[in-house]
Amino acid sequence: MLSLMDNEQSTDQTPFSNMTIDSEDVYKKPGWGRWQYIVVLVCSLLFLGVGVGIGYGIGRNHSEQTVPQASGNAAETATDPPRSLKPVDAILTNINKDNIKQSLRKYTSRPRMSGTPGGYDLVKILHDTWKSYGIDDVKVTPYDVLMSYPNKTNPNRVQLMTSSGDLVFQSALFEPALDDFSNNSEIISPFNAFAGAGISEGELVYVNYGRIEDFLYLTQNKSMDLTNKTLIARYGKIFRGDKVKNAHRFNSSGIIMYTDPSDFNRGNSTYPDSWWMPPSGLQRGTVGPDGDQLTPLYPATDYAYRKKQSDIESLKIPAQPIGYGDAEHILREMGGEEAPLDWRGGLPITYRLGPGFRNSTLKIRLEVNNFEEKRIVENVIGYIKGKSEPDRYILLGNHHDAWVFGAIDPLSGTAVLTELIRVFGEMLKSGVRPDRSIVFCAWGAEEHGLIGSTEWVEEHMKVLYERAVAYLNVDYAVDYSYVLFAGTSPLLQDSLYQATKQVPNPDTNSPDKTLYDAWKSRDNSNEAEPSVYYSLGSGSDMATFYQRAGVPSIDMWFTYDESKWDILSYPVYHSAYETMYLYERFIDPDFSYTATMAKLWGVLAWNIANEPVLKYDVRRYAKAINTFIESLKKEFGEKWSQQNVNIVALESAAQNLTSEADTFHKNLEHKNSHGTSTLEKRMINDKLIQFERAFIDCEGLPGRPMYKHVMFAPSMYDSYSDNSFPGIVDTMNEIEKENAIEKWDILKQQVSVATFTIQSAANTLTDIGL
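Next up on the list: helix α5 (residues 117–132). Here α5 contains 16 residues, and its C-alpha end-to-end distance of 23 Å stays within 8% of the 22 Å for a straight helix at 1.5 Å per residue. On its buried side, α5 packs onto α4 (97–107), β1 (137–149), β12 (371–384), α10 (411–429) and β14 (436–443). Trailing α5 by a residue or two, Gly 134 shows a phi angle of about 90°, which is positive.

Here's what the structure looks like:
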């Protein structure tokens, strides 16, 4: 439950606003003449005026002292108090990139994994810092959840051995320190969270990226039996947990995952001389599901019923990450036929499929010693209570936990969020308060599977479902200083565009003046607007808000030029080399893009918190749905006609939605031009807020009840990316890729569910809706 300041006075009141003076009573006091009262009254007013003037002068001087330096090129201090600026101008002027830099330096001073001393230390830093900035309230919300860690005294390893048991090669137990920044005794040894403890030993098979199509190529085209085989896959293309899931599905005994240089090193030098991943670098990461596994679908409170760990249905096969330097030693020895051209990476070897090795006496041995136990993970939640609609929330979220130092992911975003809270706190002190409530969220245990945010959303689901206006996620601020990249609900697309038009371009050498202009010119889409993607996936904390609570969401960051580097992510992702040195030297040296993310995030939140009628355009949603239906018809239409899958009603529902969306906005324009009452605005906004919820199906997707959004949900084969119409697309993929012909009835049911949902969404836009 939100605990805000219920008894707070309106900022429009003065200390004397409720004082009344009855002149007749004054004149009738015994022992005083009329003229005496007049003199006293005049003197009192004079003294009151002097007092107010002194108070204003003190307040003005105090404001001048606390306004930070502007984050532009000139390091000049603003001379007017925040109150004298419009709120958006105050945000743009007072974001201070030096503050962000100092915060990031502090946050990255030690590893920050949730459930460890460094993680708990950062929670305290954030709580105390946010509290000191003067926002209405700051809370720490703890949850007792199942976590996974490597064995410090017996680290995981990959070994190449002879059949007689002699060790030929062993992977590194730790990433070696390459500079002072990556040299820290608290660094956790390499592991994949929630990978099963155990040993996988025997023949090795190379499975490319470990996608379902890669497994089908080996088992169908090459007639290879993967039962009890140890697999090796390169990172990328899909979520690592789905690689493990596929390995388990094909009865393999374990999987090794490595960072191939074709995806993580395109340069002539590596860290610490560039941002490219060195041979010793590797990618940690979870392979588990989202949320606490002991309390699925419900919050991990102290009173919650918990499943037994032995009853958890999970993928308990060993999995382990290694660097491409170690992978080269192993892959060079592999036997079997050569891999297809598009399976070959950037190592100076001949990529082979296996199984086994050219030297038949060699075998692979994967040993994983992970352990799982309950630990407390903590979120930090800050509140600013809205002055006119405190029961409507705009939420800003970032996670504070990192696999190691996390200079990019996530702590660049955490430092930005902290600076934004400072600026909003200064605005509060000057009397500037948003109309709707703003909630600041720093999530714990995101890296282990979105645990902190999932448990919090589950605990507050009923309230969020009724009252949340938008969730704005910044997993990290910048992974390269070039172009904005954003995923969004169609409803928030215009709000995002509006905010980017208000924020200056951080590249002062560019002819593009606004962030919107720079985004459009560097977007490479050649569209009339900068491109966004609607498939938010479950790669960060917006997932539970969007796909279970139906809260319109955005995820955004600055990134590299994909036309220049066709890579899967920034190179040192989740490694021990994601340091403050890397960020200052190669990512955003002058912190101008990082500060711009703070400005964009703040302006976007302020706009949504204060616009009388939300700028949500349901016509964008209707257009997207019609586009997706045409795409489905193009891809599956012929097969559907053969199986008598009727989509006429689906197309009709989409047309109805288009018609109702057009009518809704025409009526809205008419009301705006003729004036609307406060009640009418509230009714309009409630329809817009609830429109996204119309796509939430309480039954969830087939076999995946946690995912409830009928239009957008993580792909069954890649949790990082969404499918549009996920129930339909995933069922068709099962039919096509796994020859699951028994799924045709489920497919027809999912078409029916989608039809019903779209028509229901159209009905929410009408005056009555029944």
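Turning our attention to the sheet that holds strand β6 (residues 204–206). Pairing in this open sheet of four strands is parallel, and the strands run β6-β7-β8-β10 from one edge to the other. Among the strands making up the open sheet, the edge pair consists of β6 and β10 (319–322). Averaged over all neighbouring strand pairs, the angle between strand axes comes to 25°, with direction disregarded. Strands β6, β7 (230–234), β8 (254–258) and β10 of the sheet are contacted by helix α9 (residues 324–331), whose axis makes an angle of about 110° with β10.

When you line up the elements, Ser 262 lands in helix α8 (residues 261–264). Once the C-alpha coordinates of Ser 262 and Arg 344 are considered, the two residues, 82 residues apart in sequence, prove to be 8.8 Å apart. Excluding its chain neighbours within four sequence positions, the residues that come into contact with Ser 262 are Arg 234, Gly 345 and Gly 346. A polar contact of 2.8 Å, which involves the side chain of Ser 262, links it to the side chain of Asp 260.

Before going further, it helps to spend a moment on the pattern of salt bridges. Evaluation of the coordinates by the stated rule reveals 40 salt bridges. A salt bridge links Glu 584 to Arg 105; its shortest N-O distance comes to 2.8 Å. Of the two residues, Glu 584 is situated in helix α16 (residues 580–587) and Arg 105 in helix α4; the sequence distance between them amounts to 479 residues. For Arg 105, a relative accessible area of 35% translates into the label partly exposed. As a salt-bridge pair, Glu 426 and Lys 429 come within 3.3 Å of each other at their nearest N and O atoms.

Here a ring pair, both rings aromatic, is described through the centre-centre distance and the interplanar angle of the planes. This model, assessed by the stated rule, comprises 39 aromatic pairs. Here a set of aromatic residues connected by ring pairs shows up, and it is made of Tyr 534, Tyr 546, Tyr 621, Phe 628, Phe 691, Phe 695 and Phe 712. In this structure, Arg 375 packs its charged tip against the face of Tyr 149, placed 3.9 Å from the ring centre. The lysine or arginine in question, Lys 501, covers the ring of Tyr 516, its NZ or CZ lying 4.7 Å from the ring centre.

Another point: the environment of Tyr 217. Within the secondary structure, Tyr 217 is located in helix α6 (residues 212–221). Tyr 217 sits in the partly exposed class, given a relative accessible area of 23%. As for Tyr 217 and Val 207, which are separated by 10 residues in sequence, their C-alpha atoms are 9.2 Å apart. Those residues within four positions of Tyr 217 in sequence are excluded, and the remaining contacts are Lys 222, Pro 340 and Trp 343.

Our next topic: the side chain of Ser 430. For Ser 430, the position within the fold is in the loop between α10 and β14. From its side chain, Ser 430 meets the backbone oxygen of Met 427 in a polar contact 2.9 Å long.

Reading the values: rules and limits
- Residues numbered from 1 in each chain as written.
- Predicted model: local features only at pLDDT ≥ 70, side-chain atom pairs only at ≥ 80, totals over all residues.
- Heavy atoms only, no water.
- Helix = DSSP H or I, 4+ residues; strand = E, 2+ residues; numbered from the N terminus.
- Expected span 1.5 Å × (residues − 1).
- Contact = heavy atoms within 4.5 Å.
- Pairing = 2+ DSSP bridges.
- Axes fitted to C-alpha atoms, helices over the stretch in contact; angles between N-to-C directions.
- Polar contact = N/O pair within 3.5 Å; in protein donor to acceptor, adjacent residues only side chain to side chain.
- Salt bridge = Lys/Arg side-chain N within 4 Å of Asp/Glu carboxyl O.
- Buried < 20%, exposed > 50% of the residue type's maximum accessible area, 1.4 Å probe, protein only.
- Phe/Tyr/Trp six-rings, centres within 6.5 Å; stacked < 30°, edge-to-face > 60°.
- Lys NZ or Arg CZ within 6 Å of the ring centre and 35° of its normal.

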